[in-house]
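Read off the chains here:
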Amino acid sequence: MERLSLTEIRRQLQKGAFSAEEITKFYLSRIERLDPKVRAYLTVTPEEALAQAREADRLRAQGEDRPLLGVPVSVKDNICTRGLRTTCASKILEDFVPPYDATVVERLKAAGAVILGKTNLDEFAMGSSTENSAFFPTRNPWDLERVPGGSSGGSAAAVAAGLCAGSLGSDTGGSIRQPASFGGVVGFKPTYGRVSRYGLVAFASSLDQIGPLTRTVEDAALLLQVVGGPDPRDSTSYPEPQPHYLEVLAKPVSKAKFGLPREAWGEGLSEEVRSVLESVFKVVEDLGGELKEISLPHLAYALPAYYIIAPAEASSNLARYDGVKYGFRAEGGSLIEMYKKTRSQGFGREVKRRIMLGTYALSAGYYEAYYGKASQVRTLIKRDFERAFEEVDLILTPVSPTPAFKLGEKTQDPLQMYLSDVYTIPVNLAGLPALSLPAGYTGGGLPVGLQIIAPAFSESLLLAQAYALEKALALDLGPPSLED
Ligand code: GLN
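Let me sum up the structure you'll find in this document. (Residues numbered from 1 in each chain as written. Predicted model: local features only at pLDDT ≥ 70, side-chain atom pairs only at ≥ 80, totals over all residues. Heavy atoms only, no water.)

1. Notes on a nonpolar patch on the surface
Right, on to step 1. Among the surface-exposed residues, Tyr 360, Tyr 366 and Tyr 370 lie close enough to one another that they form a single nonpolar patch of about 290 Å² accessible area.
Right, on to step 2. Here Tyr 360 is to be found in helix H12 (residues 349–362). (Patch = residues over 30% accessible without salt bridge, like charges linked within 9 Å, V, L, I, M, F, W, Y side chains within 5 Å. Areas by Shrake-Rupley, 256 points an atom, 1.4 Å probe, with all protein chains shown as cover. Salt bridge = Lys/Arg side-chain N within 4 Å of Asp/Glu carboxyl O. Helix = DSSP H or I, 4+ residues; strand = E, 2+ residues; numbered from the N terminus.)

Pasting the structure below:
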């Protein structure tokens with residue numbers, strides 16, 4: 001049962017092969033047995049989940065069907081859930097219980113989904129390994145000594161380990177795609193604006209985007225269909241209705257031209273990742289795809305620009321955690337002392353580092369030199385992609401330069417950690433949709449993802465090509481055995 005995709009679970013529920021209550025109990029008992037090893041969840045909600053499952057069964061008995069009726073999923077813990085604590089894996093929000101649901105959660109519920117719990121992340125989604133969680137790191141189900149990636153590491157590990165049928169994560173610089181690559185699951189960051197950010201705890205508002213982590217491309221299409229689309233509560237939400245992704249997948253796939261940016265396939269890429277990904281090129285060509293070398297000349301500047309823009313926006317967004325309105329408050333003498341103590345004790349090291357970097361970059365006299373310059377670089381990167389998409393339909397790059405690394409390997413060296421997002425960050429700066437597709441395994445048995453990037457709002461094209469490639473690759477995606 002743990003191998004079933006979300007779409008298959010949906011079909012089995014429709015056929016009555018099992019009930020929502022049965023599949024929910026199955027996942028809950030698996031979580032109880034195996035999550036102590038993986039630690040994907042920060043909060044599990046068995047009672048609420050079972051109540052939602054019984055309600056789904058009741059509706060189905062009345063002849064109702066909805067896109068996710070009775071399907072058990074999880075949600076990253078920086079997405080607000082009404083009445084259910086939403087911590088962002090931070091001490092400062094340890095006891096924060098939102099009074100409202102994020103739009104995506106509201107839509108999951110309206111579609112009939114069962115929410116099993118909230119998944120672990122790097123504090124405020126800042127990190128690439130889930131080791132920055134204030135509570136505990138999550139482990140990679142393929143090798144428990146390794147990181148699951150981050151920041152949506154809990155979501156990726158939960159899907160990879162068969163501890164939910166699908167999950168929602170968030171991606172500001174790679175946080176859906178990189179953990180998907182490390183976990184052998186599909187991770188899809190939609191175009192900026194495709195999915196409402198209402199109720200997503202803000203990290204860098206001009207980059208943040210919610211998206212699905214799933215076992216298959218079809219599942220990603222279904223989850224996006226449910227949570228995406230216009231939302232008047234998010235002013236950056238794209239006003240056009242979404243295409244019908246599943247109908248697109250049902251049609252034969254067209255031949256496409258794929259660009260291989262020479263800047264992304266050069267030095268810095270580990271040989272084990274390269275050899276897995278290059279073996280996919282042949283499959284692309286067998287499907288009638290054409291491969292073409294292209295150039296994204298400003299790619300090397302994406303990482304430095306991101307590490308100005310993202311911390312700058314974060315420093316502003318995180319100013320609201322002052323011990324007054326939400327969550328943790330340290331007792332102090334004066335008001336100013338209370339602010340200082342609350343923020344010193346409430347935030348972890350990486351979050352403080354970003355707040356300091358960002359505050360500096362935005363300070364008087366430096367704004368133009370840092371934030372202004374980084375914004376110009378961002379425009380150059382966006383133009384690079386626009387030019388490339390005049391020549392090709394889609395772009396292929398690695399997701400991450402290496403497979404999952406060991407816990408502790410990069411925690412002492414933030415720059416090394418930042419570098420693991422070198423291929424994913426440009427996509428956020430340009431606001432484009434991109435998907436991490438499981439492409440194969442290294443000799444050591446670690447999954448490797450291929451990044452497929454599409455023009456803005458071309459999710460249908462991207463999903464259709466990824467779906468065809470997934471079928472042709474026909475990989476066995478586990479889950480790996482975690483039983484003793
Ligand atoms: N690893 C990147 C960072 O730490 C991206 C994180 C994200 O996408 N949320 O900023």
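2. Digging into helix H4 (residues 103–110)
Right, on to step 1. Restricting attention to buried positions, one finds in H4 the residues Thr 103, Val 104, Val 105 and Leu 108.
Right, on to step 2. For H4, the elements touching its buried residues are strand S2 (72–76), strand S3 (114–119), strand S4 (166–171), strand S6 (209–214) and helix H7 (217–227).
Right, on to step 3. Looking one or two residues beyond H4, the residue adopting positive phi is Gly 112, at roughly 95°. (Buried < 20%, exposed > 50% of the residue type's maximum accessible area, 1.4 Å probe, protein only. Contact = heavy atoms within 4.5 Å.)

3. Observations concerning the pattern of salt bridges
Right, on to step 1. Applying the stated criterion to the full structure yields 24 salt bridges.
Right, on to step 2. Its salt-bridge partner being Glu 21, residue Lys 25 comes within 3.1 Å of it at the nearest N-O pair. Highlighted residues: Lys 25 and Glu 21, both in helix H2 (residues 20–38), separated by four residues, approximately one helical turn.
Right, on to step 3. Residue classification places Glu 21 among the partly exposed residues on the basis of a relative accessible area of 21%.
Right, on to step 4. Here Asp 77 ties to Lys 118 by a salt bridge, and the two come within 2.9 Å at their closest N and O atoms. Note that Asp 77 is positioned in the loop between S2 and H4 and Lys 118 in strand S3, a separation of 41 residues in sequence. You'll find Asp 77 and Lys 118 in the same group, each marked buried.
Right, on to step 5. Within this structure, Glu 21, Lys 25 and Arg 54 form a network of salt bridges that share partners.

4. Details of the packing of helix H1 (residues 6–15) against H7
Right, on to step 1. Viewed as axis vectors pointing N to C, H1 and H7 meet at an angle of 75°, and their least axial separation amounts to 7 Å. The orientation of H1 with respect to H7, classified from their angle, is roughly perpendicular. Across the interface between the two elements, Leu 6, Thr 7, Arg 10 and Arg 11 of H1 pack against Glu 218, Asp 219, Leu 222 and Leu 223 of H7.
Right, on to step 2. Looking at side-chain class alone, the contact of H1 with H7 contains three nonpolar, one polar and four charged residues. (Axes fitted to C-alpha atoms, helices over the stretch in contact; angles between N-to-C directions. Parallel < 35°, antiparallel > 145°, perpendicular 65-115°, else oblique. Nonpolar A, V, L, I, M, F, W, Y, C, P; charged D, E, K, R; others polar.)

5. What to know about the environment of Pro 232
Right, on to step 1. By the element assignment, Pro 232 lies in the loop between H7 and helix H8 (245–250).
Right, on to step 2. Taking relative accessible area as the criterion, Pro 232 reaches 83% and is therefore assigned exposed.

6. A word on unusual backbone geometry
Right, on to step 1. Between Gly 150 and Ser 151 the backbone carries a cis peptide bond, its omega angle lying at 10°.
Right, on to step 2. Assignment of secondary structure puts Ser 151 in the loop between S3 and helix H5 (153–160).
Right, on to step 3. The omega torsion across Gly 478 and Pro 479 is 10°, close enough to zero to call that bond cis.
Right, on to step 4. Summarising the element assignment, Pro 479 is placed in the segment after helix H16 (459–473).
Right, on to step 5. Even without glycine at this site, Arg 39 takes up a positive phi of about 60°.
Right, on to step 6. Relative to the helices and strands, Arg 39 resides in the loop between H2 and strand S1 (41–44).

7. A word on the pairing of strand S7 (residues 257–261)
Right, on to step 1. Burial runs high along S7: four of the five residues are buried.
Right, on to step 2. Between S7 and its parallel partner strand S8 (residues 290–294), the chain crosses via helix H9 (residues 271–286), and the hand of that crossover is right-handed.
Right, on to step 3. Taken together, the two bridges between S7 and strand S9 (residues 394–398) define a ladder with parallel strand orientation. Residue Gly 259 lies in a different strand from S9, and its bridge partner there is Ile 395. (Right-handed = clockwise from strand over helix to strand, strands pointing away. Pairing = 2+ DSSP bridges.)

8. Some words on the site of the ligand
Right, on to step 1. Near the ligand there are 15 residues, and of these Gly 173, Ser 175, Tyr 306, Arg 354 and Asp 421 occur at the shortest range.
Right, on to step 2. Here an oxygen atom of the ligand and a backbone polar atom of Gly 173 are 2.6 Å apart.
Right, on to step 3. In isolation the ligand has 300 Å² of accessible area, and contact with the protein removes 100% of it.
Right, on to step 4. For the shell around the ligand, the class distribution of residues is five nonpolar, seven polar and three charged. (Near = heavy atom within 4 Å. Polar contact = N/O pair within 3.5 Å; in protein donor to acceptor, adjacent residues only side chain to side chain.)

9. Concerning the pairing of S6
Right, on to step 1. Counting buried positions along S6 gives six out of six residues, so the element sits mostly inside the fold.
Right, on to step 2. Where S4 and S6 come together, six bridges link them in antiparallel fashion. The partner of Gly 169 across the bridge, within S6, is Gly 211.
Right, on to step 3. Here two bridges tie strand S5 (residues 186–189) to S6, and the two strands are oriented antiparallel to one another. Residue Gly 187 lies in a different strand from S6, and its bridge partner there is Leu 213.

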